[in-house]
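This is what each chain is made of:
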Amino acid sequence: MSHTTTINVSGMTCGHCVSSVTEELSDLKGVENVAVDLNAGGISEVTITSTLTLDPAEISEAVAEAGYLVVANNA
């Protein structure tokens, strides 16, 4: 069974940013796909497809490792 998790990430401005976040999130256990809808300089939506339920803290840590910040959905 697949799980889909959608997060909002601030601070991404270019393709390199997308690659960094995608690479870090892809390293999480169970992650099959990472899709980023880049909103340069604003809040970008990131959709993660995984075989396991992901821990929000692990997601935030992976995004932080790439140098960005997960923000609340209503930010």
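Residues numbered from 1 in each chain as written. Predicted model: local features only at pLDDT ≥ 70, side-chain atom pairs only at ≥ 80, totals over all residues. Heavy atoms only, no water.

Another point: the UniProt feature "domain: HMA" (unreviewed entry) in the protein. The sites that UniProt annotates as "domain: HMA" (unreviewed entry) are residues 3-71. Here residues 3-71 runs as 32% helix and 38% strand, with 20 Å between its end C-alpha atoms. (UniProt positions renumbered as here; feature names shortened; annotations may be inferred. Helix = DSSP H or I, 4+ residues; strand = E, 2+ residues; numbered from the N terminus.)

Let us look at the packing of helix α1 (residues 15-26) against helix α2 (residues 56-65). Close contact between α1 and α2 brings their axes to 8 Å; oriented N to C, the two are set at 140°. In this view, α1 runs oblique relative to α2, as classed from their interaxial angle. Crossing of α1 over α2 shows right-handed handedness. In contact with Val21, Glu24 and Leu25 of α1, α2 contributes Ile59, Ala62, Val63 and Glu65. Residues of the contact of α1 with α2, tallied by class, amount to five nonpolar, no polar and two charged. (Axes fitted to C-alpha atoms, helices over the stretch in contact; angles between N-to-C directions. Parallel < 35°, antiparallel > 145°, perpendicular 65-115°, else oblique. Left-handed = near helix turned anticlockwise from the far one by under 90°. Contact = heavy atoms within 4.5 Å. Nonpolar A, V, L, I, M, F, W, Y, C, P; charged D, E, K, R; others polar.)

Glancing now at the pairing of strand β3 (residues 43-50). One ladder, built from eight bridges, connects strand β1 (residues 3-10) with β3; its direction is antiparallel. Bridging across to β3, Val9 finds its partner in Ser44. The sheet contact formed by strand β2 (residues 31-37) and β3 spans six bridges and is antiparallel. Its bridge partner lying in β3, Asp37 is registered against Glu45. (Pairing = 2+ DSSP bridges.)

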